[in-house]
Amino acid sequence: MTAKPHPDDRAPAPIRAEALEALLTEKGLVNADGLNGLINRFVNDVGPMNGATVVARAWTDPEYRERLLEDGTAAVGEFGFAGPQGEHIVVVPNDAKNHNVVVCTLCSCYPWPLLGLPPDWYKDPAYRARVVREPRVVLSEMGLNLAEDVEVTVWDSSAENRYFILPERPSGTEDMSEEELAELVTREAMVGVAVVGSPT
Amino acid sequence: MTQETYENVLIEDLDLDGPAAAPRSNGELIFDSPWEGRAFGLALALVENGLFTLEDFQGELITAIAEWEALGKSNEDYRYYECWLVALERLVARSTGVQITDVDQRSKEFLERPAGHDHDHDHDHHHDH
């Protein structure tokens, strides 16, 4: 059966999702409480603050930074950050001369335990198609203008490697605590479409 | 062909919450409407229950997205979670007894419900239909 993704005779997606849930519930394969718990976990407990916590630790603890770059999955596991799409996390550091940015060209691979579910722009066909071919233009459209001598590398996430960017620690943060540093880190910086700015 | 479709889309036109938007809490910006959350939860629940693996699902999702892109539609029409649902229905058909035609039939019945029907299931949200 090779039904097309969006044939006109398909019922609207919200109806189909409801129908599918009803059928699976009747089969005893899912139940409403389990589903609600699972969805709430992703809505409330998993998200980019986890990644920001990891980044702040790496900025303040050189040995942790080394472990993080060596084996991302194990190092984030020290915080208890694990779960679906949490395997094969590869951490790539940004600095003044090397800028790295992440995409999933085929679908939406993303390190859920660190960043939660991806934002719309990450899943968008335009971002996925264009950032590989013209990363500087795309980054510029997103508000990040890189100097010409900065080397830009695009990393294509997949089920085998889920990339996570360790942004460069901004200047003017020498006296800040780990918690204060974590507040500076943005989701976009951990995907590589932004940098972390100095505190104002 | 599909490359052309996305070539001219400025990233700033996308639904971007802005590079300056720091994550102040987890879980923001996940689902545009409640059914997307249900579709997401269904896939994860079936993975957790061992019906298929997340890798199986990702393979099916890649296929569904590639099929959508091959249609050459405008980027504005792209709905990620509709591709997600297509992938889920196919994998469910292979992994459980629930066939796509069953979903067709049940959807038809739901569409024929009178307006203001009583929900016979326990959702903690308002439907957007």
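That block above? That's the structure.
Just so we're clear, the structure is a prediction, and the values are computed from it rather than from any experiment. (Residues numbered from 1 in each chain as written. Chains lettered and ligands numbered in written order. Predicted model: local features only at pLDDT ≥ 70, side-chain atom pairs only at ≥ 80, totals over all residues. Heavy atoms only, no water.)

J.: It is not clear to me how the overall build of chain A should be interpreted in this structure. Could you clarify?
T.: When helices and strands are counted, chain A shows 11 helices and four strands. Counting the 200 residues in chain A, one finds 54% classified as buried. Nonlocal contacts in chain A, meaning residues at least 24 apart in sequence, comprise 68% of its contacts between residues at least 6 apart. Split by element, the accessible area of chain A, about 8300 Å² in all, is 49% carbon and sulfur. (Helix = DSSP H or I, 4+ residues; strand = E, 2+ residues; numbered from the N terminus. Buried < 20%, exposed > 50% of the residue type's maximum accessible area, 1.4 Å probe, protein only. Contact = heavy atoms within 4.5 Å. Areas by Shrake-Rupley, 256 points an atom, 1.4 Å probe, with all protein chains shown as cover.)

J.: Mind showing me how you'd approach the side chain of Asn75 of chain B here?
T.: Residue placement: Asn75 of chain B occurs in the loop between helix H3 (54-70) and helix H4 (80-95). With a relative accessible area of 7%, Asn75 of chain B lands in the buried category.

J.: Help me understand empty space enclosed by the protein, please; the structure alone is not making it clear to me.
T.: Empty space among the atoms becomes visible once a probe the size of a water molecule is rolled across them. Counted according to the given criterion, the structure contains three cavities of 30 Å³ or more. Residue lining of the second largest cavity: Gln85, Ser108, Trp112, Leu117, Pro118 and Lys123 of chain A together with Phe40, Tyr80, Tyr81 and Trp84 of chain B, and that is the complete set. Of all the elements, H4 of chain B adds the most residues to the lining of the second largest cavity, at three residues. Among the residues making up the lining of the second largest cavity, the classes are represented as seven nonpolar, two polar and one charged. (1 Å grid on protein atoms, 1.4 Å probe; cavity = no way out; pocket = protein on both sides within 12 Å on 5 of 7 lines; lining within 4 Å. Points joined across faces, edges and corners; volume = space filled by probe spheres on them. Nonpolar A, V, L, I, M, F, W, Y, C, P; charged D, E, K, R; others polar.)

J.: Explain the pattern of salt bridges here, please?
T.: Close approach of charged atoms lets side chains of opposite charge pair. Scanning the entire structure with this criterion turns up 20 salt bridges over all chains. A salt bridge links Glu89 of chain B to Arg10 of chain A; the nearest nitrogen and oxygen atoms lie 3.3 Å apart. Taken as a pair, Glu89 of chain B in helix H4 and Arg10 of chain A in the segment before helix H1 (13-26) lie in two separate chains rather than in one. A salt bridge links Arg128 of chain A to Glu69 of chain B, with the nearest nitrogen and oxygen atoms 2.8 Å apart. Of the two residues, Arg128 of chain A sits in helix H8 (residues 125-133) while Glu69 of chain B sits in helix H3, which places them in two different chains. We classify Arg128 of chain A as buried; its relative accessible area is 3%. According to the relative accessible area criterion, Glu69 of chain B is buried, its value standing at 15%. (Salt bridge = Lys/Arg side-chain N within 4 Å of Asp/Glu carboxyl O.)

J.: Help me out: how do you make sense of the nonpolar core in this one?
T.: It is characteristic of soluble globular proteins that their nonpolar side chains tend to be buried jointly. Grouped together as the largest cluster of nonpolar side chains are 90 residues, with contacts concentrated most on Tyr127 of chain A together with Trp84 of chain B. In terms of residues, this core owes the most to one element, H4 of chain B, which gives 10 residues. Residues from two domains meet in this core; each of domain 1 (13-44) and domain 2 (47-191) of chain A gives at least three. The residues touching Trp84 of chain B, leaving out its near neighbours within four places in the chain, are Trp112 of chain A together with Ala39, Phe40, Ala43, Phe57 and Leu61 of chain B. (Core = buried A, V, L, I, M, F, W, Y, C linked by side-chain atoms within 4.5 Å. Domains from an automatic or database assignment.)

J.: Sorry, what's going on with the side chain of Arg162 of chain A here?
T.: For Arg162 of chain A, the position within the fold is in strand E4 (residues 162-166). The exposure class of Arg162 of chain A is buried, given its relative accessible area of 0%. Looking at Arg162 of chain A, its side chain comes within polar contact range of the side chain of Gln85 of chain A, at 2.9 Å. For Arg162 of chain A, the contacting residues outside a window of four places in its chain are Gln85, Gly86, Glu87, His88, Ile89, Val90, Tyr110, Pro111 and Ser157 of chain A together with Glu55 and Gln58 of chain B. (Polar contact = N/O pair within 3.5 Å; in protein donor to acceptor, adjacent residues only side chain to side chain.)

J.: Help me out: how do you make sense of the pairing of strand E2 (residues 98-103) of chain A in this one?
T.: Working note: regular strand, side chains alternate between the two faces of the sheet. All names here are of chain A. Most of E2 sits out of view: five of its six residues are buried. For E2 and strand E3 (residues 151-156), the ladder comprises six bridges, and the chain directions are parallel. Residue pairing for E3: His99 is matched across the bridge by Val152. (Pairing = 2+ DSSP bridges.)

J.: Whenever I open this one, a negative patch on the surface confuses me. Can you help?
T.: On the surface, Glu63, Glu66, Glu70 and Asp71 of chain A cluster together to form a negatively charged patch. For Glu70 of chain A, the location among the structural elements is in helix H4 (residues 62-70). (Patch = residues over 30% accessible without salt bridge, like charges linked within 9 Å, V, L, I, M, F, W, Y side chains within 5 Å. Lys, Arg positive; Asp, Glu negative; His and termini not counted. Charge placed at Lys NZ, Arg CZ, Asp CG, Glu CD.)

J.: It is not clear to me how the packing of aromatic side chains should be interpreted in this structure. Could you clarify?
T.: Any aromatic ring pair is given by two values, namely how distant the centres are and how the planes are angled relative to each other. Tallying each qualifying case throughout the model produces 18 aromatic pairs over all chains. Judged by centre distance (5.0 Å) and plane angle (80°), the rings of Phe42 of chain A and Phe40 of chain B are edge-to-face. With one member in each of two chains, Phe42 of chain A in helix H2 (residues 32-45) and Phe40 of chain B in helix H2 (residues 34-48) form a pair that bridges those chains. Exposure class is identical for Phe42 of chain A and Phe40 of chain B. Each is buried. Taken together, a centroid distance of 4.9 Å and an interplanar angle of 85° make the contact between Tyr80 of chain B and Tyr81 of chain B edge-to-face. We classify Tyr80 of chain B as buried; its relative accessible area is 9%. Judged by its relative accessible area of 5%, Tyr81 of chain B falls in the buried class. An aromatic cluster of three or more residues is present, and its members are Phe42 and Trp112 of chain A together with Phe31, Phe40, Phe57, Tyr80, Tyr81 and Trp84 of chain B. (Phe/Tyr/Trp six-rings, centres within 6.5 Å; stacked < 30°, edge-to-face > 60°.)

J.: Mind showing me how you'd approach the packing of H2 of chain A against H2 of chain B here?
T.: For any two helices packed against each other, one specifies the crossing angle of their axes together with the interaxial distance. One can describe the packing of H2 of chain A onto H2 of chain B by two numbers: an axis separation of 9 Å at closest approach and a directional angle of 110°. The angle between H2 of chain A and H2 of chain B falls in the class roughly perpendicular. Residue-level contacts link Ala32, Leu35, Asn36, Leu38, Ile39, Arg41 and Phe42 of chain A of H2 of chain A to Gly37, Arg38, Phe40, Gly41, Leu42, Leu44, Ala45 and Glu48 of chain B of H2 of chain B. Across the contact of H2 of chain A with H2 of chain B, the residue classes tally to nine nonpolar, three polar and three charged. (Axes fitted to C-alpha atoms, helices over the stretch in contact; angles between N-to-C directions. Parallel < 35°, antiparallel > 145°, perpendicular 65-115°, else oblique.)

From the geometry alone we can't say anything about function, so treat these as descriptive.
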